[in-house]
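# Survey of secondary and tertiary structure
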Amino acid sequence: MHPDWDLAHTPLDAPTEQLPAGLTATPDQWQQRLQHTPGGHLLRPDGNAMLTTLATGRPMHLLHLTRSLDAIRTSGHLLASTGCLAAAVYGAPLTELPGGALRPHNLGTHLLDTRPDLDSRRDSTPLVIQVSPDHPAPGAGLDYLRLGPVHLRAFDRHRHALTPAEDHQVTRSVTDRVHAAAPLLDLMLATATGRTRPDAGHTRSDAGPFLDQLAAAVPVMPYLGYLYFETVAEYLMLHSTSTATKNFAELGEMNNHLYKQLAFTAVNGMGTLFDVGRFRPGHQRLLDLIDGIEPGLSAGAAAFVRDRLAHRLTATALTPAADATAFTFTGAHADDLRTAAAPLLGQLLFREVRLLDRYPQLYHLFEQEKAAEAWAYWNRRRTSLPYNATCGPKGEIGVNPASPHAQVTVWTAERCARGLLHPTEQVAAVPAPRLAPWVFSALRDRRDENRWKGRASVLM
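All of these numbers come straight from a predicted model, not from anything done at the bench. (Residues numbered from 1 in each chain as written. Predicted model: local features only at pLDDT ≥ 70, side-chain atom pairs only at ≥ 80, totals over all residues. Heavy atoms only, no water.)

### Comments concerning the overall build of the chain
Helix and strand counts for the chain come out as 17 helices and 11 strands. On C-alpha atoms alone, the chain measures out to a radius of gyration of 21 Å, which is about the 23 Å that the 2.2 N^0.38 rule sets for 460 residues. Among the 460 residues that make up the chain, the fraction classed as buried is 58%. Within the chain, contacts between residues separated by at least 24 positions form 76% of all contacts whose residues are at least 6 apart in sequence. Accessible area of the chain: about 18300 Å², with a carbon and sulfur share of 53%. Separation between the mean location of the 44 positive side-chain charges and that of the 45 negative ones in the chain comes to 2 Å. (Helix = DSSP H or I, 4+ residues; strand = E, 2+ residues; numbered from the N terminus. Rg over C-alpha atoms; globule rule 2.2 N^0.38 Å. Buried < 20%, exposed > 50% of the residue type's maximum accessible area, 1.4 Å probe, protein only. Contact = heavy atoms within 4.5 Å. Areas by Shrake-Rupley, 256 points an atom, 1.4 Å probe, with all protein chains shown as cover. Lys, Arg positive; Asp, Glu negative; His and termini not counted. Charge placed at Lys NZ, Arg CZ, Asp CG, Glu CD.)

### Section: the packing of aromatic side chains
The geometry of an aromatic ring pair is captured by two quantities: the separation of the ring centres and the angle between the planes. For the structure shown, the criterion picks out 13 aromatic pairs. Here W30 and F304 contribute two aromatic rings whose centre-to-centre distance is 6.1 Å and whose plane-to-plane angle is 90 degrees, an arrangement assigned as edge-to-face. Of the two residues, W30 is situated in helix 2 (residues 27–35) and F304 in helix 13 (residues 301–317); the sequence distance between them amounts to 274 residues. Side by side, W30 and F304 carry an identical accessibility label, which is buried. An angle of 80 degrees between the planes, with centres 6.2 Å apart, marks the rings of F229 and F274 as edge-to-face. You can see F229 sitting in helix 9 (residues 223–239) and its partner F274 sitting in the loop between helix 11 (257–266) and helix 12 (283–293), a full 45 residues away along the chain. You can call F229 buried: its relative accessible area is 3%. With a relative accessible area of 34%, F274 lands in the partly exposed category. By the ring-pair criterion, three or more aromatic residues cluster together here, those being Y228, F229, Y259, F264, F274 and F279. (Phe/Tyr/Trp six-rings, centres within 6.5 Å; stacked < 30°, edge-to-face > 60°.)

### Here we look at the packing of helix 9 against helix 12
Viewed as axis vectors pointing N to C, helix 9 and helix 12 meet at an angle of 40 degrees, and their least axial separation amounts to 12 Å. Of the two elements, helix 9 crosses helix 12, and the hand of that crossing is right-handed. Residues Y228, V232 and L236 of helix 9 touch helix 12, and the partners they reach there are L286, I290 and I293. Taken together, the residues of the contact of helix 9 with helix 12 sort by class into 6 nonpolar, no polar and no charged. (Axes fitted to C-alpha atoms, helices over the stretch in contact; angles between N-to-C directions. Left-handed = near helix turned anticlockwise from the far one by under 90°. Nonpolar A, V, L, I, M, F, W, Y, C, P; charged D, E, K, R; others polar.)

### Quick look at the nonpolar core
By size, the foremost hydrophobic cluster in this structure holds 137 residues, and its most contacted members are L185, M188, L224, V232, F327 and F329. For this core, the element with the highest residue contribution is helix 9, accounting for 12 residues. Those residues within four positions of M188 in sequence are excluded, and the remaining contacts are F210, L224, L309, A310, L313 and T314. (Core = buried A, V, L, I, M, F, W, Y, C linked by side-chain atoms within 4.5 Å.)

### A few points about the pairing of strand 4 (residues 89–96)
Pairing between strand 2 (residues 60–66) and strand 4: 3 bridges, direction antiparallel. Each bridged residue has a counterpart across the sheet, and for L62 the counterpart in strand 4 is P93. Across 3 bridges, strand 4 lies against strand 8 (residues 397–399) in antiparallel orientation. By the bridge assignment, G91 is partnered in strand 8 with I397. As paired elements, strand 4 and strand 5 (residues 102–104) share 3 bridges and run antiparallel to each other. When the sheet's bridge partners are listed, L94 is paired in strand 5 with P104. (Pairing = 2+ DSSP bridges.)

### Notes on the confidence of the model for the chain
Put simply, the chain has an average pLDDT of 91, and 93% of its residues get 70 or more. Counted against residues more than four places away or in other chains, residues 199–204, with its pLDDT under 50, gives 9 contacts. (pLDDT = per-residue confidence, 0-100.)

### Notes on the packing of helix 5 (residues 106–113) against helix 11
In contact at an axis separation of 9 Å, helix 5 and helix 11 are set at 35 degrees when each is read in the N-to-C sense. Contact residues: N106, L107 and H110 in helix 5; H257, Y259, K260 and F264 in helix 11. When its residues are assigned to classes, the contact of helix 5 with helix 11 shows 3 nonpolar, 3 polar and 1 charged.

### Here we look at helix 13
Here helix 13 contains 17 residues, and its C-alpha end-to-end distance of 23 Å stays within 8% of the 24 Å for a straight helix at 1.5 Å per residue. With 16 of its 17 residues buried, helix 13 lies for the most part within the structure. (Expected span 1.5 Å × (residues − 1).)

### Points about the pattern of salt bridges
One pass over the full model with this rule turns up 22 salt bridges. With its nearest N and O atoms 3.0 Å apart, the salt bridge here joins E253 to R103. Note that E253 is positioned in the loop between helix 10 (243–250) and helix 11 and R103 in strand 5, a separation of 150 residues in sequence. For the pair E253 and R103, a shared accessibility class is recorded, and that class is buried. The closest approach of N and O atoms between R157 and E373, which form a salt bridge, is 3.8 Å. Residue R157 is located in helix 6 (residues 148–158), and its partner E373 is located in helix 16 (residues 359–380); the two are separated by 216 residues in the primary sequence. The class of R157 is partly exposed, set by a relative accessible area of 28%. On the basis of relative accessibility, which here comes to 15%, the residue E373 falls in the buried class. Among the charged side chains, a network of salt bridges with common partners joins D4, R153, R157, E369 and E373. (Salt bridge = Lys/Arg side-chain N within 4 Å of Asp/Glu carboxyl O.)

### With respect to the side chain of R153
Within the secondary structure, R153 sits in helix 6. Apart from residues lying up to four places away in sequence, R153 is in contact with H2, D4, W5 and E373.

### Points about helix 16
Helical periodicity: at 3.6 residues per turn, an α-helix aligns residues three or four positions apart in one direction. Helix length check: helix 16 (22 residues) gives 31 Å between terminal C-alpha atoms against 32 Å at 1.5 Å per residue, within 8%. Where helix 16 is concerned, the buried positions are Y359, L362, Y363, F366, E367, K370, A371, E373, A374, W375, Y377 and W378. Looking one or two residues beyond helix 16, the residue adopting positive phi is R382, at roughly 60 degrees.

### So, the environment of L309
Checked against the element boundaries, L309 lands in helix 13. Once residues lying within four places of it in the same chain are set aside, the contact partners of L309 are M188, F210, L214, L227, Y228, T231 and F304.

Below, the structure is given as structure tokens:
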């Protein structure tokens, strides 16, 4: 199995040490800092209900929403999807109560409550998936921000399917994006390696220009929007002290409503397609958004986001063999990126290929082999229930559709007035190791893409 998948899976109790040289803070130091926040105990296996259940090896129930119930009944198969879980059947935990009713995790409650408002979930049917593993699951989650090397290998294997014009469009666009964003990327490297350090007495105010510069760079490099959003989401869930957050914490759950509210408030059109590549609030706008979610929560947010984002970008964009104090994005050529910044190159190529008009035709070619690698990796680790650990075990968990180490049973479900789910009809279906068709191309907001296509050439 390729070591890229080991790098993409981060044990929560032992953060990866395979990082570029020169970082000021080690993964252990960041882990200590995060665990000392108000919600930090939810990062630990003994403080998070989902992780606790996984560690027992007992049957686990998941909520899954589908708009294809008839096709599932006909085929007998639940198909996996790409995204933050790479190639799993996406779900959220359910807790079994006396009498058989199932209480949704607060992420599941959000999914159920927003069905009328989201085009991608409208008219969906809730399913209950019971997964009975044959052993306790390992305590490691998938960080999709670390999948860059996997994306790069997939691009190299299958770029022959692109026309010469498409290949030129993709590779030139990625190089131009790096050159245009280089000043900010280099600033983040300098921040993460201690070569640029704000005055300790002015950390909040000094973060303002950084966040404004970041917001301006997101349309040029939408991948920065993913990093930005995940970092703010992490801040919200770990620092919130609201009554709702405390109530969820008592249940062992991180409060997913916080970052969902942030996304829908910050970005117009999230109800059409949830695309955090368009997340780009400037400094003051971010503080206002955070205080609108929870008054007073913005104190310390700007400095946290700057420091955490700079570390995260450096740790996930550069190869482990690189020296973050010596590399610069300014003037970097394609060969330089492949040598020192292959993970970032992979992420950018991955998104750029998805912008092609022909991507619905190319989707399975580029994605099915990555999915097969993920399934093989999970099976080697005996992982039946992979979960998203990008900013903590927040509740996004899925079913490995190729797992030989679990039994799966599926029911339709109805929701009662108390918000609980009740299984109603068993469905003769099981997860299958195939990807669901690509369905989002018609929903995408292409305005930023069209403006970028009309850009002047970026010369270095």
